[in-house]
Amino acid sequence: MSRLCKGAALVAALALAVSTPSQAANETAFTDAERAAVRALAVSPGHTPPEASEPALADFGKRLFFDRRLSGDGRFSCASCHQPDRAFTDGLALPEAVGRGTRNTPTLINVADNPWFQWDGAADSLWSQMLLVVENPRELANDRLNLAHTLYRNGDLRAAYQRRFGPLPPLSDGERFPAQGSPHAAPDSPGALAWRRMTAADRDAVNRVMANLGVALAAWQRRLIRYDAPFDRFAAALAEDPDPPTNEAFPAAARRGLKLFVGEAQCTLCHSGPDFSNQAFHNLGLPVADHRDTGRERGLRRLTASPFNAAGPYAGGDDDAERLRFLPPPESLRGAFKTPSLRNVARTAPYFHDGRFATLEEAVRFYLAPPEGETLGEREATLDLIPDLSDRQVADLVAFLKTLDSAPLPEAVTTPPSP
Amino acid sequence: MITARYLPLVALLSTMIGSPSVLAAGGGDAAGAVPAQVLSEQGLYRVEVRQAPEPLPKGEHFSLGLRVVSMDNPDTPLEASAVTVEAGMRHGRDDGFAHGMQSEPRVSVRDGLILVEGLYFHMGGAWTLQVTIDGDDGEDQAWLTLPCCGG
């Protein structure tokens, strides 16, 4: 063997000797930077769900959540799509209520920690997003006057409402308060005309009832907080030890997946913080399935036009009107949708705003080879930072994502109230 | 233990091939500091950062207090009307932003400083504030790298 070949053989042998243990080290031990990145995903030590400040109000909210009388035809409730035993989703690509919805049903677990609500952020408070659902013709297909009347004529609802919010408006006066009506009714429909004919004061009184119902629903949804997934236990162990032991709940594949998640795969650019969401809106360059759904562009227009936003007359003290001063031009976010939380993601299939991906693996692979097709707005170039990943790396990421499922919420929170 | 024996060599090899650190992967120097001042591209103006939260927050609105002066007349700060701002992340690009903010900042004057309100960084890494100055000396642009957010 020539000297050169001997040298090459030595280098090859060294490389072999080095690569195996270094690969093993990279797969299991966490660097300081990785530990810091994992710490940024973990909840603060001692974080516990907030106690309901008004238990009676939260109970009223829970009653409303499960009550089919909130829908226009009395057949659907919030729980029809936000099913407690499916992590408050419905398992469908698109919801089926009064009509077929246009966006995937998001989970409600930890929803109270969101700053914007719905896929397009059309609501800036938990309480105000309720009206978007109630009056959506594909969802609960109700209108606010009909709902106010429903509340008025049903003794159980009326009593619960009045205990907290005081007397309802004089809804028995049919001249002042027609049976049906809403500013969102079809133009020139009887409902739209009825709403317009009401005095401003009476419209305001009905709007106030809607806002109060939203406040009750929000009080209950603040109980749906859970940050106790296997990941959280691993993150706590990792804070103490750079190489904590694996276990059944957080296996070796999940460890490798976590390292990818905070490192090479760049997932934390958007899926950051304890909710695994930067709560921002991104255009992923998805081939268009519904040209009418312009995402955050539409959401911004709806938000600024709504009297129920944080700058409106129905806002509460906790609402943040200041940020409305700095909203971007709607068209700058055409085709952008909110980064969803990844908490409980294994239980909330299908994925993306229109439920186009049935499995976690499909959703992960989308980022590696985006499908071609017409897109809406401008695809965000951040996506170009995502490297190609091997099949094993994809499997590791999926294994990690499966460690984000929390324990079930207490039955007292999720069981429908007795009639 | 074989792993421990090879770790120094692994670290050396890793350094030699320039393995990027996890936190710098977002495309910039996330651990740097807000610059105290920068010169505009053509050297017409100087932008001084007089007020900035330390560290810059992520996921919250914040403000910067700037003082902008002409290099020919450095004792007289420019008015807010001469200044417009835009911010985004380059993610390694030479020109333009890979994306902007999801907020539209406002520029006003407060306590003698040009106050830029409504800045909002939704992603960790190096952000760039583009300051466009249209003063008596002509139009010029200055670029400030703003690290998000506290390492």
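Quick caveat: nothing in here was measured; it's all calculated off a predicted structure. (Residues numbered from 1 in each chain as written. Chains lettered and ligands numbered in written order. Predicted model: local features only at pLDDT ≥ 70, side-chain atom pairs only at ≥ 80, totals over all residues.)

Things to note about the overall build of chain B
For chain B, the helix and strand inventory stands at 1 helix and 10 strands. For chain B, the N- to C-terminal ordering of α and β elements is α-β-β-β-β-β-β-β-β-β-β. Out of the 151 residues in chain B, the part that is buried amounts to 34%. Counting only contacts in chain B whose residues sit at least 6 apart along the sequence, the fraction spanning at least 24 positions is 59%. (Helix = DSSP H or I, 4+ residues; strand = E, 2+ residues; numbered from the N terminus. Buried ≥ 20, exposed ≤ 12 C-beta atoms within 10 Å, placed from the backbone. Contact = placed C-beta atoms within 7 Å.)

What to know about the sheet that holds strand β6 (residues 99-100) of chain B
Residues and elements named next belong to chain B. In space, the 4 strands of this open sheet follow the order β6-β5-β9-β10, with antiparallel pairing throughout. Of all the strands in the sheet, just β6 and β10 (138-148) have a single pairing partner and so form its edges. Direction of pairing for strand β9 (residues 125-135) relative to β10: antiparallel, over a ladder of 11 bridges. Bridging across to β10, Leu 129 finds its partner in Leu 144. (Pairing = 2+ DSSP bridges.)

Points about the domain arrangement of chain A
Residue and element names in this part refer to chain A. For chain A, the assigned domains are domain 1 (27-49 + 227-295 + 340-411) and domain 2 (55-225). Put simply, the middle of domain 1 and the middle of domain 2, counted by C-alpha atoms, are 32 Å apart. Taken together, the contact between domain 1 and domain 2 spans 21 residues of the former and 23 residues of the latter. Of the residues assigned to the side of domain 1 that touches domain 2, the class counts are 6 nonpolar, 8 polar and 7 charged. (Domains from an automatic or database assignment. Nonpolar A, V, L, I, M, F, W, Y, C, P; charged D, E, K, R; others polar.)

A short note on helix α10 (residues 230-240) of chain A
Of the positions making up α10 of chain A, those classed as buried are Pro 230, Phe 231, Asp 232, Phe 234, Ala 235 and Leu 238 of chain A. Tucked inside the fold, the buried residues of α10 of chain A contact α2 (32-39) of chain A.

Points about the environment of Asp 120 of chain A
All names here are of chain A. For Asp 120, the location among the structural elements is in the loop between α4 (78-81) and α5 (129-134). Taking the C-beta count within 10 Å as the criterion, Asp 120 has 26 such neighbours and is therefore assigned buried. In this structure the C-alpha to C-alpha distance between Asp 120 and Leu 303, which are 183 residues apart in sequence, comes to 9.4 Å. In contact with Asp 120, not counting residues within four places along its chain, are Gly 295, Arg 296, Arg 298, Gly 299 and Phe 337.

Let's talk about the pairing of strand β4 (residues 73-77) of chain B
Residues and elements named next belong to chain B. The element β4 is largely exposed, with a buried count of 0 among its 5 residues. In the sheet, strand β3 (residues 61-70) pairs with β4 via 2 bridges, with the strands oriented antiparallel. From the neighbouring strand, Ser 70 faces β4, where its bridge partner is Asn 73. With antiparallel pairing between neighbouring strands as the criterion, β3 and β4 make up a hairpin whose turn holds 2 residues.

Observations concerning the nonpolar core
Ranked by size, the top nonpolar core spans 60 residues in total, and within it Ala 216 and Leu 217 of chain A carry the most contacts. Residue assignment for this core shows that the elements contributing at least two residues are α3 (55-65), α4, α5, α6 (144-153), α7 (155-165), α9 (200-221) and α12 (296-305) of chain A. With residues near it in sequence (within four places) discarded, Ala 216 of chain A still touches Leu 57, Phe 60, Gly 61 and Leu 64 of chain A. By size, the runner-up hydrophobic cluster in this structure holds 31 residues, among which are Tyr 45, Phe 121, Trp 127 and Cys 148 of chain B. (Core = buried A, V, L, I, M, F, W, Y, C linked by C-beta atoms within 7 Å.)

Comments concerning unusual backbone geometry
With an omega of -5 degrees, the peptide bond running from Ala 349 of chain A to Pro 350 of chain A counts as cis. The topology assignment puts Pro 350 of chain A in the loop between β2 (337-338) and α13 (360-366). Pro 55 of chain B follows Glu 54 of chain B through a cis peptide bond whose omega is -10 degrees. For Pro 55 of chain B, the location among the structural elements is in the loop between β2 (45-51) and β3. Within the chain, Asn 110 of chain A stands out as a residue other than glycine whose phi angle is a positive 65 degrees. Asn 110 of chain A gets classed as buried once you count the C-beta atoms within 10 Å, which come to 22. Of note in this structure, Phe 276 of chain A is not a glycine but carries a positive phi near 55 degrees.

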